[in-house]
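Letter by letter, the chains look like this.
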Amino acid sequence: MLRSIARNARVERQLAAQRHASLLGQGSASSRIHYAYRDSSACSRLLFTRLQHTKVETSGSHANPPPPSPNVPRKAKVDIKPAPVKPTVTPNGATSTSKPSRHMKVDHAKSLPPKGVELPPADTVASVSVSGGLSEAKKDIDKAQEHGVMAPPPPGASWIKRMIHHARELFKFYWNGLKQINRNRLLVAEIKKRVQEGGAPISRSEYRFMRTYKEDALKLIPFLLVVITVEELIPLIAIYAPFMLPSTTIFPSQLKRMEDKALAKQLTFTAPQTFLAIVNAAREHQPSQRNIVDLMGLRNLGRSNMRAVAGVLRLATWGPAPMILRRIDNHLKFVAEDDLLLATEDMGGRLSDRELSIALYERGIIATDLKPELARKQLKMWLTSVSFGAEEHHAVSRRIFAVAKANANTTA
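Please read these numbers as outputs of a predicted model, since none were measured by experiment. All residue numbers refer to positions counted from 1 along the written sequence of the respective chain. The predicted origin of the model limits local features to residues at a pLDDT of at least 70 and limits the giving and counting of side-chain atom pairs to 80 or more, whereas totals for whole chains, interfaces and linings rest on all residues. Remark: hydrogens and water are excluded; side-chain values derive from all non-hydrogen atoms of the structure.

### Re the overall build of the protein
Short version of the rule: Working definition: helices are DSSP H or I runs of at least four residues, strands are E runs of at least two. Numbering for both runs from the N terminus. Exposure categories follow from relative accessible area, calculated using a 1.4 Å probe and restricted to protein chains: below 20% of the type maximum is buried, above 50% is exposed, and the middle band is partly exposed. The criterion used for residue contact is that any of the two residues' heavy atoms lie within 4.5 Å. Method for areas: the Shrake-Rupley scheme with a 1.4 Å probe, in which residue coverage is limited to the protein chains shown.
Scanning the protein from terminus to terminus reveals 14 helices and 2 strands. The buried share of the protein, reckoned over its 412 residues, is 28%. By sequence separation, contacts in the protein at least 24 residues apart represent 59% of the contacts at least 6 residues apart. Carbon together with sulfur atoms contributes 61% to the accessible area of the protein, which is approximately 29000 Å² in total.

This is how it looks when you write it as structure tokens:
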């Protein structure tokens, strides 16, 4: 019995040892699985944390970009205000106003100025005209002092004293010009009184003197206001608005510049084709009216023809058609009276070279390159064409045709 109990005890110990060994094996395997699972979960958490950190950095970079480096220059600010789209002309003549494509390639090299050419600033361009006017006014004053029209400042005078001296001398000059207008008024009254009492008829020089005084009298009131308020601006008015000055208040250099500008403007209206159209229109009339172009006929030919006749006569070309025609009518009526007086004075043979040039310019004839002999011949041809067999009511019409013929380069 003891032997069986010992045998049973040995068997139970073996079984217990086996169970304990099996339990130890299972425990080591489960621990290894537990440790592997723990490591994998830790890696996944680390990877997930890094991904989230990367997303946060990426979104933050879009929302708040880092400030630019001070060494990197910033791009120029571009004005993106909407502007009207200019129409583009296609090869077949059609126009397109479609907006350019966003992906359209623009050749910026063509829009840039050539190399070596610098564009001036906008404020410099705007101040060129003003500075040029001031320099021209200063030159006029200097030339007036050289010719004895104005007294020069005392030597060694300071800048302030020179300015005060110039202002005082300018006031004297313009005040004397205003007094000269009053003296001219008295002379005109004497001429009219002499004619009314049956004395000598009016000569050409007296007729033109009376006309000049009439123009000066119309400019007197606005000019007087300028003299009283700001007489220093009158030299600038002589440059930019010479028509506002009376003839007695213009420096010799200013008068020369005004004549040069008038000639330059007159030369821009001497296209032969325009005047040839006026001559051809007059040829279509009856033989008794071949050399006549009245104001209404000139208006029917078109605005360009009206402006050409007014421009070559040194008249203003702005305004509606009735205003332009009125200027032409008034000027040619004056020329008709002047023609009658020239015919009585040896057909202009007594005129000086300067007076001869002015007479031709007033009739729309360019005498820049003409010698005195040819200029006198041209004036005689004009007087013969407009006065031979001319009726009084056709005086303006004949002179419109004469102006067109003189500038059309035709001998018809």
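### Brief notes about the nonpolar core
The test is simple: Take the buried residues of types Ala, Val, Leu, Ile, Met, Phe, Trp, Tyr and Cys, join any two whose side-chain atoms come within 4.5 Å, and each joined set is a nonpolar core.
Ranked by size, the top nonpolar core spans 41 residues in total, and within it F275, L298, L313, I328 and W382 carry the most contacts. Among the secondary structure elements, those contributing two or more residues to this core are helix 8 (272–283), helix 10 (303–312), helix 11 (321–344), helix 12 (353–362), helix 13 (372–387) and helix 14 (395–407). The greatest single-element share of this core, amounting to 8 residues, is contributed by helix 11. Discounting residues that sit within four places of it in the chain, W382 has contacts with V335, D339, R363, I365, R399, A402 and V403. Of all hydrophobic cores here, the second largest spans 22 residues; its members include M150, M210, I237 and F251.

### A short note on the packing of helix 11 against helix 13
Our working definition: Lines are fitted to the C-alpha atoms to define the axes, a helix being fitted only along its stretch in contact, and any angle between axes, read from their N-to-C directions, falls within 0 to 180 degrees. By definition in this entry, angles of less than 35 degrees are roughly parallel, angles greater than 145 are roughly antiparallel, angles of 65 to 115 are roughly perpendicular, and the rest are oblique. Each residue gets one of three labels, nonpolar for Ala, Val, Leu, Ile, Met, Phe, Trp, Tyr, Cys and Pro, charged for Asp, Glu, Lys and Arg, and polar for the others, Gly among them.
Closest axis-to-axis distance for the helix 11/helix 13 pair is 11 Å, and the angle between their directions is 110°. Taken together, the axes of helix 11 and helix 13 lie roughly perpendicular to each other. Contacts from V335, D339 and L342 of helix 11 reach helix 13 at L379, W382, L383 and V386. For the contact of helix 11 with helix 13, the class distribution of residues is 6 nonpolar, no polar and 1 charged.

### Some points on the packing of aromatic side chains
Here is the rule: By convention, a stacked pair of Phe, Tyr or Trp rings (six-membered ring in the case of Trp) has centres within 6.5 Å and planes under 30 degrees apart, an edge-to-face pair has planes over 60 apart, and any other such pair is tilted.
Within the structure shown, the criterion is met by 6 aromatic pairs. An angle of 75° between the planes, with centres 5.8 Å apart, marks the rings of Y174 and F223 as edge-to-face. Placement of Y174 in helix 4 (residues 159–196) and of F223 in helix 5 (residues 204–229) is noted, with a sequence separation of 49 residues between them. Each of the two residues, Y174 as well as F223, counts as buried. Within the aromatic cluster, the residues linked to one another by ring pairs are F173, Y174, F223 and F251.

### A look at helix 10
Most of helix 10 sits inside the fold, with 7 of its 10 residues counted as buried. Along helix 10, the residues classified as buried are N305, M306, A308, V309, A310, G311 and V312. Of the surrounding elements, those touching the buried residues of helix 10 are helix 7 (252–267), helix 8, helix 9 (295–300), helix 11, helix 12 and helix 14. Positive phi shows up at R314, right after helix 10, with a value of about 65°.

### Details of the pattern of salt bridges
Spelled out, the test is: The term salt bridge refers to a side-chain nitrogen of Lys or Arg lying within 4 Å of a carboxyl oxygen of Asp or Glu.
Per the counting criterion, the structure on display carries 16 salt bridges. One salt bridge connects R208 with D338, and the closest N-O pair in it is separated by 3.7 Å. Here the residue R208 occupies a position in helix 5, and D338 occupies one in helix 11, the gap between them amounting to 130 residues. Comparing R208 with D338, the two get one shared label, buried. D329 is the partner of K333 in a salt bridge, and the nearest nitrogen-oxygen pair spans 3.2 Å. Here D329 and K333 lie together in helix 11, a separation of 4 residues that amounts to about one turn. Judged by its relative accessible area of 45%, K333 falls in the partly exposed class. Taking relative accessible area as the criterion, D329 reaches 15% and is therefore assigned buried. When salt bridges that share partners are traced, they join R204, R208, D338, D339, E362, R363 and R399 into one network.

In short, geometric facts, not functional conclusions.
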